[in-house]
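In case you want the letters, here they are:
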Amino acid sequence: MGYCCNNSFPASSHVLLTDLSQRWKCPKLQNLRHKGQFHGSQKASKVLAFYGLKAPPYKLDALEPHMSRRTLEMHWGEHHRGYVEGLNKQLEKDDVLYGHTLDELVKVTYNNGNPLPEFNNAAQVWNHDFFWESMQPGGGDMPRLGLLEQIEKDFGSFTNFKEKFLEAALTLFGSGWVWLVLKRNERCLAVVKTSNAINPIVWDDIPIISLDVWEHAYYLDYKNDKGKYANVFMNHLVSWNAAAARMARAEAFVNLGEPKIPIA
Amino acid sequence: MALRTLITRRSLGLGLGVSQSVRGLQTVSLPDLPYDYGALEPAISGEIMKLHHQKHHQTYITNYNKALEQLHEAMEKGDSSTVVKLQGAIKFNGGGHVNHSIFWKNLTPVHEGGGEPPKGSLGWAIDTHFGSMEALVAKINSEGAAVQGSGWVWLGLDKQLKKLVVETTANQDPLVTKGPNLVPLLGIDVWEHAYYLQYKNVRPDYLKNIWKVIDWKYASEVYEKECP
């Protein structure tokens with residue numbers, strides 16, 4: 001984890017055919033290669049599914065002074081990259097988990113609460129992709145229109161939601177994430193805390209925004225002051241644009257009620 | 001600087017830094033470090049030691065005392081659901097206090113014997129159970145590096161079986177949560193706050209270097225008390 005690799009992976013998750021001449025493990029073929037007689041079938045016959053490191057939708061210094069370039073370089077460049085590389089390395093061993101989208105992989109490796117070893121890496125890749133997109137330069141302020149209405153409906157007021165969110169950040173024991181989710185069964189928004197790598201999609205809920213409260217997310221900028229970091233996130237970083245887009249998509253899956261048709 | 005060291009030396013015997021009784025309730029206070037913040041350099045930076053002690057440990061203590069007070073009130077009122085609700089906060093903050101109090105005693109500057117391997121019965125026990133000190137260190141380092149999220153890695157003694165064990169605990173769970181007969185000899189904090197400012201995300205480097213300031217004398221004392 002955290003060892004910087006100089007290969008540049010494509011920034012999306014595709015199934016790719018790769019040249020496996022370097023990774024070929026069969027000893028007989030290795031000998032042939034060494035003897036220089038191995039030409040024809042060097043082109044890959046094995047399909048590898050792997051995932052790429054997605055860049056945040058802004059430059060690494062775009063969130064200054066609220067989240068420093070230094071933090072982004074470490075958090076995205078080392079931690080997030082480390083999870084991607086760790087996941088790819090785990091997937092090399094066996095093809096049991098091939099062919100999934102990242103969403104599917106997270107749910108499959110969660111294994112209904114008994115997570116497989118790949119879960120930590122898969123979920124953290126997903127979580128960090130989602131987290132970068134939950135922020136924007138010049139973020140903060142308030143949501144508008146439909147999303148705001150839904151928040152006011154489910155929390156009473158935006159202020160109340162904000163308090164709940166910040167309280168969750170402060171009372172989370174250890175490493176984890178704070179989420180605003182749309183709960184599928186209850187059909188309402190809620191603030192949820194998860195530990196380590198856990199992600200609300202494993203319970204089939206739909207995340208709207210997230211805040212990383214692992215210490216590495218804020219320690220360089222705020223030391224132990226998690227409360228200040230969470231406040232800054234709410235006031236200056238959170239992207240309500242992204243949240244609104246996710247909410248709109250979520251409403252295709254969750255029926256939030258009848259539209260208000262005015263009576264003539 | 002010397003005066004401060006004198007004062008802190010005297011308070012070494014105070015153990016967990018127990019202090020005032022408020023309405024019959026025993027609260028805890030921050031124990032002094034038996035060395036200066038910068039004394040463990042370069043293995044652990046003074047900046048980290050200061051933050052770790054004055055901010056993190058102090059926060060656990062503050063919140064633990066608060067939870068204890070609330071627990072006391074709830075118990076007096078017979079409010080069972082609040083009593084149960086507070087258990088999480090007590091385990092987390094109380095555990096944080098217990099664990100860090102042990103941690104400070106597990107460390108000592110190089111010039112005071114930090115890093116010197118244990119002589120006597122603990123040294124023998126390590127060789128018997130793990131083969132060698134190197135094997136033990138390798139095992140602790142690999143388990144410590146593998147802890148996902150926040151937690152601790154421990155060298156413990158099962159006082160019933162008289163056996164040494166290496167265990168990890170999550171968050172601030174004390175070692176005893178892994179087994180009622182387990183006594184902590186050495187604990188290494190692998191929460192990111194314990195190393196991030198200096199080692200960034202390279203936890204294995206932190207684990208490799210911390211052995212230079214481990215106080216085996218303290219671990220031996222605890223061991224010999226349980227296994228005379």
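To be clear, the structure that these remarks concern was listed above.
Residues numbered from 1 in each chain as written. Chains lettered and ligands numbered in written order. Predicted model: local features only at pLDDT ≥ 70, side-chain atom pairs only at ≥ 80, totals over all residues. Heavy atoms only, no water.

1. Section: the packing of aromatic side chains
Throughout the structure, instances matching the rule amount to 25 aromatic pairs over all chains. Ring centres of W152 of chain B and W154 of chain B lie 5.4 Å apart, and the angle between their planes is 20°; on these two criteria the pair is classed as stacked. Across the pair, W154 of chain B and W152 of chain B agree in class, each one buried. Between the NZ or CZ atom of R81 of chain A and the centre of the ring of W76 of chain A, over which it lies, the distance is 5.4 Å. Positioned above the aromatic ring of F130 of chain A is the side chain of R246 of chain A, whose terminal nitrogen or guanidinium carbon lies 3.7 Å from the ring centre. (Phe/Tyr/Trp six-rings, centres within 6.5 Å; stacked < 30°, edge-to-face > 60°. Buried < 20%, exposed > 50% of the residue type's maximum accessible area, 1.4 Å probe, protein only. Lys NZ or Arg CZ within 6 Å of the ring centre and 35° of its normal.)

2. Some details on the nonpolar core
Within the largest apolar cluster, 71 residues are counted, with the highest numbers of intra-cluster contacts made by F161, L211 and W240 of chain A. No other element matches the 8 residues that helix α4 (residues 118-133) of chain A contributes to this core. Ignoring anything within four residues of it in the chain, the contact list for F161 of chain A reads I151, F155, L180, V191, I209, M234 and W240 of chain A. Core analysis: the next-biggest nonpolar cluster, separate from the first, contains 60 residues, I48, L175, I210 and W216 of chain B among them. (Core = buried A, V, L, I, M, F, W, Y, C linked by side-chain atoms within 4.5 Å. Helix = DSSP H or I, 4+ residues; strand = E, 2+ residues; numbered from the N terminus. Contact = heavy atoms within 4.5 Å.)

3. Focus on the sheet that holds strand β3 (residues 176-183) of chain A
Residues and elements named next belong to chain A. Ordered by their spatial adjacency, 3 strands build an open sheet running β4-β3-β5, and the pairing between neighbours is antiparallel. Strand pairing shows two members of the sheet lacking a second neighbour, β4 (188-195) and β5 (206-212), which therefore form its edges. In this sheet, adjacent strand axes meet at a mean angle of 20° when their direction is disregarded. With 8 bridges joining them, β3 and β4 adopt antiparallel strand pairing. (Pairing = 2+ DSSP bridges. Axes fitted to C-alpha atoms, helices over the stretch in contact; angles between N-to-C directions.)

4. Here's the deal with the pairing of β3 of chain A
Burial analysis of β3 of chain A places 7 of its 8 residues in the buried class, the great majority of the element. Between β3 of chain A and the antiparallel strand that follows it, β4 of chain A, lie 4 residues; R187 of chain A among them carries a positive phi value of about 55°.

5. Brief notes about the side chain of S220 of chain B
All names here are of chain B. Mapped onto the elements of the fold, S220 is located in helix α9 (residues 216-226). Residue classification places S220 among the buried residues on the basis of a relative accessible area of 8%. Setting aside chain neighbours within four positions, we find S220 in contact with P118, K119 and L122.

6. Re the sheet that holds strand β4 (residues 163-170) of chain B
All names here are of chain B. Read across the sheet, 3 strands follow the order β4-β3-β5 without closing on themselves; strand pairing throughout is antiparallel. With one partner strand each, in any of the chains shown, β4 and β5 (182-189) form the two edges of the open sheet. Averaged over neighbouring strand pairs, the angle between their axes works out to 25° when direction is ignored. Strand direction decides the pairing type here: strand β3 (residues 151-158) and β4, joined by 8 bridges, are antiparallel. The residue of β4 that forms the bridge with L155 is V166. Against the sheet, helix α5 (residues 121-130) touches β3, β4 and β5, its axis set at about 80° to β4.

None of this, on its own, says anything about what the molecule does.
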